[in-house]
Structures are given as structure tokens and as C-alpha cells.
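Architecture at a glance
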Amino acid sequence: MKYTEDNLLPLSYLSQYYYCPRRAALLLIERLWSDNIHTMSGTIIHQRVDKARQEKRSDLIRLTSLPVRSLELGLFGVADSVEFFADQDGYKIENLKGRWEVVPVEYKHGRVRDELEYEVQLSGQAICLEEMLGITIHRGYIYYAGDRRRKEVQVASKLRQLVEQGARALREMLATGNIPPVTVSSKCRECSLGDDCFPLSSPQGRAAKKRKVKTSAARYIKSIWDDIESGEEL
Ligand code: SF4
């Protein structure tokens with residue numbers, strides 16, 4: 001094992017890194033955080049899930065807010081939900097009778113969409129669970145509250161590589177203090193760190209501000225209401 005319990009980085013930074021490496025560095029090194037409508041919406045969804053509880057049936061056990069960690073990767077976090085499906089080809093799990101397939105579930109706000117950073121974060125949780133339980137995990141789900149739908153993600157070798165690369169890159173950022181340069185993209189429009197990332201007096205800052213103002217507030221508000229109205233059926 002490469003790392004110790006007191007030397008772990010939050011898994012969620014993997015997601016930040018694959019959204020934008022500069023954003024991850026600003027959060028990790030500069031300790032910047034700024035809420036915007038997207039981060040607030042995400043917080044509302046997680047507050048619903050973050051009440052640790054268990055559901056137990058003969059063929060399904062669901063644990064919410066389960067702490068996970070990997071001493072190999074040097075990462076820790078909280079899995080929104082971990083589901084254990086009864087499966088005769090599955091694994092023996094300590095303190096449980098029978099055999100089980102273990103499947104992590106990550107909750108996100110908004111509509112079903114393809115976001116690599118979420119898939120990497122989910123795969124990071126799967127790798128943590130594998131290390132903790134001595135099993136292999138083949139799939140996970142991302143639940144989108146706006147649609148009340150789950151998207152299945154195969155925890156394939158490509159995603160596993162990205163988890164390892166991302167964890168290494170975060171360590172390097174922390175060790176060197178190097179913050180990647182600004183890369184202006186469509187992501188800047190929805191990034192809560194826009195104002196901290198580049199000064200508004202700069203051409204990039206003025207462009208980002210303009211894009212933000214143009215963005216329809218009604219669309220964002222609707223997406224939050226969709227999430228809120230999705231209620232407890234997570
Ligand atoms: S504003 Fe753009 S470049 Fe800056 S941290 Fe956010 S996404 Fe990255």
C-alpha cells in the first residue's frame with residue numbers, strides 16, 4: 001500500500017480534474033470554492049442522499065453514504081449509495097450470507113448526459129470498494145435526479161487508467177504547486193470559479209462574463225426545480 005489513512009485526497013477531485021485540470025488545481029492548491037447554480041443544485045441532491053441509511057431485502061441491500069478509500073490510489077470519499085444484488089456468481093461479503101454483486105451508484109443533478117468526469121469518479125469509488133472488500137466490480141450507475149433515471153457505466157480498463165492517471169496528476173499538482181494555464185472552453189460558462197480563474201479585466205474574463213449573462217437563468221432554475229421535484233425517489 002502506497003498511502004496511509006491520513007494522507008488521502010478526496011475522490012471528488014478526480015471529477016474536478018477531468019472537468020478542468022486548472023479548476024482542480026485552484027481547488028486543491030488555492031483552496032478556492034465558489035458556489036454557482038450548478039454546484040448548489042448538486043449540493044441539494046447530495047443532501048438528500050447523505051443521510052446514512054440501509055435498506056435490506058433478501059435479494060438487495062442498499063447502503064447510502066458509505067465511506068470508501070483506496071490506500072493504493074491515495075483517495076477517499078463517500079459513495080452516495082452502494083447496492084448489493086444477490087448473485088450466485090457473485091462474491092462472499094463479510095457478515096452477509098450468500099453471494100453478492102456490488103454496484104456503486106453516484107447521484108447527480110440534471111438530465112441524463114455523458115460526462116467523463118462523473119464516470120471516472122464512479123470508477124474511483126468502484127476501485128476503492130474493490131480494495132476494501134477484495135472483490136471485482138464490473139459496473140456502476142449514475143442516477144440523474146432531473147430525469148429520475150440511471151445510466152449504467154461499465155468500470156472498464158480505460159476508466160480505471162483514467163482514475164490512476166488523475167490520482168497521480170492531483171498528487172503532482174499538490175507536490176509542485178503548479179496550476180495549469182487557463183484553457184477557455186464552453187465549460188468556463190458553467191464553472192463556478194470563473195471570476196477567480198481569470199480576472200474580469202482580461203479578454204478571457206470579459207468573454208466569460210458575457211457568456212454567463214447570456215445564459216438563460218430560466219433554464220437553470222427549471223433544472224433545479226426538476227431535481228427538487230424528483231423528491232425521495234432516488
Ligand atoms: S473558468 Fe474555465 S479554465 Fe477556469 S477553472 Fe473554470 S473551466 Fe477551468
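Before any of the text, the structure's been laid out above.
Attention in this report is confined to the structure presented alongside it. (Residues numbered from 1 in each chain as written. Predicted model: local features only at pLDDT ≥ 70, side-chain atom pairs only at ≥ 80, totals over all residues. Heavy atoms only, no water.)

Contact geometry of helix 2 (residues 21-28) with helix 5 (residues 157-176) gives a least axis separation of 10 Å together with a crossing angle of 50°. With respect to each other, helix 2 and helix 5 are oriented oblique. Here the hand of the crossing between helix 2 and helix 5 comes out right-handed. Facing Pro21, Ala24, Ala25 and Leu28 of helix 2, the residues of helix 5 in contact are Leu170, Met173 and Leu174. Partitioned by chemical class, the residues of the contact of helix 2 with helix 5 number seven nonpolar, no polar and no charged. (Axes fitted to C-alpha atoms, helices over the stretch in contact; angles between N-to-C directions. Helix = DSSP H or I, 4+ residues; strand = E, 2+ residues; numbered from the N terminus. Parallel < 35°, antiparallel > 145°, perpendicular 65-115°, else oblique. Left-handed = near helix turned anticlockwise from the far one by under 90°. Contact = heavy atoms within 4.5 Å. Nonpolar A, V, L, I, M, F, W, Y, C, P; charged D, E, K, R; others polar.)

This paragraph deals with the nonpolar core. Among the nonpolar cores identified, the biggest contains 47 residues, and Phe84 and Leu170 are the most heavily contacted of them. Contributions of two or more residues to this core are made by helix 1 (12-19), helix 2, strand 3 (60-70), strand 4 (75-92), strand 5 (99-108), helix 4 (116-133), strand 6 (139-144) and helix 5. When residues no more than four places from it in sequence are discounted, the contact partners of Phe84 are Asp59, Leu60, Ile61, Leu63, Ile93, Leu96, Trp100, Glu101 and Val102. The next biggest cluster of nonpolar side chains, apart from the first, holds six residues, and it includes Val103, Val105, Tyr141 and Tyr143. (Core = buried A, V, L, I, M, F, W, Y, C linked by side-chain atoms within 4.5 Å. Buried < 20%, exposed > 50% of the residue type's maximum accessible area, 1.4 Å probe, protein only.)

For the rest of this paragraph, the subject is the site of the ligand. Surrounding the ligand, one finds Cys20, Arg23, Thr183, Cys188, Cys191, Gly194 and Cys197. For the shell around the ligand, the residue count by class is four nonpolar, two polar and one charged. (Near = heavy atom within 4 Å.)

A few words now on the packing of aromatic side chains. Following the criterion strictly, the structure yields two aromatic pairs and no others. Seen from their ring centres, Tyr107 and Tyr143 are 5.4 Å apart, and the 55° between their planes marks the pair as tilted. You can see Tyr107 sitting in strand 5 and its partner Tyr143 sitting in strand 6, a full 36 residues away along the chain. Comparing Tyr107 with Tyr143, the two get one shared label, buried. Stacked on the ring of Tyr118, the Lys or Arg Lys108 has its end atom at 4.4 Å from the ring centre. Stacked on the ring of Tyr19, the Lys or Arg Lys187 has its end atom at 5.2 Å from the ring centre. (Phe/Tyr/Trp six-rings, centres within 6.5 Å; stacked < 30°, edge-to-face > 60°. Lys NZ or Arg CZ within 6 Å of the ring centre and 35° of its normal.)

In this structure, Cys188 sits in the loop between helix 5 and helix 6 (194-197). A C-alpha to C-alpha distance of 9.7 Å links Cys188 and Arg23, two positions 165 residues apart in sequence.

Below, the discussion takes up the pairing of strand 5. Among the ten residues in strand 5, nine count as buried, and that is most of the element. By the bridge criterion, eight bridges tie strand 4 to strand 5 in an arrangement that is antiparallel. The residue of strand 5 that forms the bridge with Tyr91 is Trp100. With four bridges connecting them, strand 5 and strand 6 associate as parallel partners. Bridge pairing links Glu106 to Ile142 in strand 6. (Pairing = 2+ DSSP bridges.)

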